[in-house]
Amino acid sequence: MSKLLERIKAGEILISDGATGTWLQAHGLEPGGCPEELNASRPELIQQMAGEYFGAGSDMVETNSFGGSQYMLKKYDHGDRIEELNRLAAEHARAAAPNGAFVLGSIGPTGEFIEPMGTATETEMFEAFAEQARGLADGGADAFCIETMSDYGEISLAIRAAKETTGLPVMASMTFDKGPRGYFTMMGITPEQAAEQLVEAGADVIGSNCGIAIEQMIEIIAKMRSATDQPILTHVNAGIPAIEGGKIVYPDTPDHMAGQMQQMVEAGANIVGGCCGTGPDHVRAFVKALRE
């Protein structure tokens, strides 16, 4: 068992980082730019981001590799740089990590659908996730965070590819929206179903991230906890974004989110962190709320 899983098993509540995309946008990533390419062209910036999150108190920081699959990087003409850009992503986070802290290899959706809904075969998608996982592991990732997924077929392939390729622990997180009948992923999976299916697929930690505000995320985590004893992770948006003055604004302040983190833990979360719109100040507030 890895040290990360041992700490969770011992009952410790761990604190993850905040957003990658919105942090990079605030630090110069142009609209439509490739975040993963910055691992090669702006290494100091990526290390700064990881350092700010670790400095704020994060026990773990995700790599800048959310869109690091063959499917996504080929859209930027970087399809021949998969292992390089993922390896660098992990190396930069590792370089900023203090002793005892963890690096999570971020793996996001491919943007493709598996046959017959789409054109990707299961073998092709498995190999794409395996390629990304190899690069992240070579760069020093301690575990993977497969996140923002909505389709069970895709996330199960990612879990299996990461585990079979590297043997490292895998966290698997899905995204839910609330409709008239409750919470579902875009592909119609409920939080309770997701909890059961992700465990069955082999995830060491399950969870939910993105898409909704913290009040709703607490409800989702409680539903997932009702269906499993497996450790649960959540990365929460800083509220629902709005456009103000031509800019995307996330409304939830660090204090607002931190004020509800104890409820999140009581609902069943073992790892808490931020998603879109959150930053180091949010992490500091989470640390203060849960540890001080």
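Residues numbered from 1 in each chain as written. Predicted model: local features only at pLDDT ≥ 70, side-chain atom pairs only at ≥ 80, totals over all residues. Heavy atoms only, no water.

Student: Describe in detail empty space enclosed by the protein, supporting the description with residues and values.
Tutor: One pass over the full model with this rule turns up one cavity of 30 Å³ or more. Approximately 30 Å³ is the volume attributed to the largest cavity. Looking at the largest cavity, the residues that line it are Ile46, Met49, Ala50, Val61, Glu62, Thr63, Asn64, Ala89 and Ala93. For the lining of the largest cavity, the secondary structure elements donating two or more residues are helix 4 (43–56), strand 2 (60–62) and helix 6 (82–96). Considering every element that reaches the lining of the largest cavity, the biggest residue donor is helix 4, with three residues. Partitioned by chemical class, the residues of the lining of the largest cavity number six nonpolar, two polar and one charged. (1 Å grid on protein atoms, 1.4 Å probe; cavity = no way out; pocket = protein on both sides within 12 Å on 5 of 7 lines; lining within 4 Å. Points joined across faces, edges and corners; volume = space filled by probe spheres on them. Helix = DSSP H or I, 4+ residues; strand = E, 2+ residues; numbered from the N terminus. Nonpolar A, V, L, I, M, F, W, Y, C, P; charged D, E, K, R; others polar.)

Student: Describe in detail a nonpolar patch on the surface, supporting the description with residues and values.
Tutor: Together, Phe113, Met117 and Met186 make up an exposed nonpolar region whose accessible area comes to about 350 Å². For methionine 186, the position within the fold is in the loop between strand 7 (182–184) and helix 9 (191–201). Classification of methionine 186 by relative accessible area gives exposed; the value is 61%. (Patch = residues over 30% accessible without salt bridge, like charges linked within 9 Å, V, L, I, M, F, W, Y side chains within 5 Å. Areas by Shrake-Rupley, 256 points an atom, 1.4 Å probe, with all protein chains shown as cover. Salt bridge = Lys/Arg side-chain N within 4 Å of Asp/Glu carboxyl O. Buried < 20%, exposed > 50% of the residue type's maximum accessible area, 1.4 Å probe, protein only.)

Student: Any details on the layout of surface pockets? Residues and values, ideally.
Tutor: Unfilled space is identified by rolling a water-sized probe across the atoms. Put simply, the largest pocket is a space of about 850 Å³. Taken together, 35 residues make up the lining of the largest pocket; nearest its centre are Thr20, Gly21, Thr22, Gln25 and Cys276. Residue assignment for the lining of the largest pocket shows that the elements contributing at least two residues are helix 2 (21–26) and strand 4 (143–149). The leading source of residues in the lining of the largest pocket is helix 2, at five residues.

Student: How would you explain the nonpolar core if you had to name every residue and give the values?
Tutor: In this structure, Ile159 and Met264 are the most contacted members of the largest nonpolar core, which totals 75 residues. When sequence neighbours within four positions are dropped, the list of residues in contact with isoleucine 159 reads Ile146, Val170, Ala172, Leu198, Ala201, Gly202 and Ala203. Leu14, Leu104, Ala143 and Leu233 belong to the second largest nonpolar core, which has 13 residues in total. (Core = buried A, V, L, I, M, F, W, Y, C linked by side-chain atoms within 4.5 Å. Contact = heavy atoms within 4.5 Å.)

Student: I'd like to hear about the sheet that holds strand 9 (residues 232–236), residue by residue, with values.
Tutor: Across the sheet, which stays open at both edges, the eight strands sit in the order 1-12-9-8-5-4-3-2 with parallel pairing between neighbours. Two strands bound the open sheet, and with one partner strand each, they are strand 1 (14–15) and strand 2. In this sheet, strand 12 (residues 271–274) lies alongside strand 1 in parallel orientation, the contact comprising two bridges. Note that in strand 12 the partner of isoleucine 15 across the bridge is valine 272. Across the sheet, helix 10 (residues 214–225) lies against strand 8 (205–209) and strand 9, angled at about 165 degrees from strand 9, the strand it touches most. (Pairing = 2+ DSSP bridges. Axes fitted to C-alpha atoms, helices over the stretch in contact; angles between N-to-C directions.)

Student: If you had to explain unusual backbone geometry to someone new, which residues and values would you point to?
Tutor: In this model, glutamate 115 is joined to proline 116 through a cis peptide bond whose omega is 5 degrees. Note that proline 116 resides in the loop between strand 3 (102–107) and helix 7 (122–138). A positive phi is found at cysteine 210, a non-glycine position, where the angle reads about 65 degrees. Relative to the helices and strands, cysteine 210 is located in the loop between strand 8 and helix 10. Accessibility expressed as a relative area gives 14% for cysteine 210, which makes it buried.

Student: Go over the side chain of glutamate 36, please, and point to the residues and values.
Tutor: Structurally, glutamate 36 is set in the loop between helix 2 and helix 3 (38–41). As a buried residue without a salt bridge, glutamate 36 has its nearest oppositely charged side chain in arginine 81, at a separation of 10 Å. Within the structure, glutamate 36 has its side chain in polar contact with the backbone nitrogen of glycine 67 (distance 2.8 Å). Look past the residues within four positions of glutamate 36 in its chain and what remains in contact with it is Asn64, Ser65, Phe66, Gly67, Gly68, Leu73 and Leu85. (Lys, Arg positive; Asp, Glu negative; His and termini not counted. Polar contact = N/O pair within 3.5 Å; in protein donor to acceptor, adjacent residues only side chain to side chain.)

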